[in-house]
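# Survey of secondary and tertiary structure
Each chain, letter by letter, is given below.
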Amino acid sequence: MTTTRISVPGVHCDHCQVSIEGAVSKADGVRRVAVDLENKEVTVDHDTNLARVGELVRLIEDQGYDVVSFEEVSA
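The following refers to the structure shown. (Residues numbered from 1 in each chain as written. Predicted model: local features only at pLDDT ≥ 70, side-chain atom pairs only at ≥ 80, totals over all residues. Heavy atoms only, no water.)

### Topic: the side chain of His46
By the secondary structure assignment, His46 is in strand β3 (residues 41-46). Of the polar contacts made by the side chain of His46, one reaches the backbone oxygen of Ala51; its length is 2.7 Å. Discounting residues that sit within four places of it in the chain, His46 has contacts with Met1, Thr2, Thr4, Gly29, Val30, Arg31, Ala51, Val53 and Leu56. (Helix = DSSP H or I, 4+ residues; strand = E, 2+ residues; numbered from the N terminus. Polar contact = N/O pair within 3.5 Å; in protein donor to acceptor, adjacent residues only side chain to side chain. Contact = heavy atoms within 4.5 Å.)

Printed below as a string of structure tokens:
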């Protein structure tokens, strides 16, 4: 299990949170998704064999948000 933090500066409201969490949580291998509106960050716990970072980024971008950076913080 890996935890990845993804910087998404455009998140600012409950709609943003619901939109991103709903889209990312549907990916195979995702265990938990949390949007931190204050820090403009999405944290995803996922199995890297099933949900790769590139897919997570694409799912967020498909919701209309720009991803600035990402960091795997544990594996």
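From this point, the discussion proceeds with the structure in view.
### Let's talk about the environment of Lys26
Looking at the secondary structure, you find Lys26 in the loop between α1 (14-25) and β2 (30-36). Given the relative accessible area of 70%, Lys26 is considered exposed. Note: C-alpha distance between Lys26 and Arg52 (26 residues apart in sequence) is 13 Å. (Buried < 20%, exposed > 50% of the residue type's maximum accessible area, 1.4 Å probe, protein only.)

### Considering the environment of Glu21
Relative to the helices and strands, Glu21 resides in helix α1. In this structure Glu21 comes out as partly exposed when scored by relative accessible area, which is 23%. When the C-alpha positions of Glu21 and Val33 are compared, they lie 5.7 Å apart, and in sequence the two are twelve residues distant. Those residues in contact with Glu21, other than ones at most four positions away along the chain, are Val33, Ala34 and Val35.

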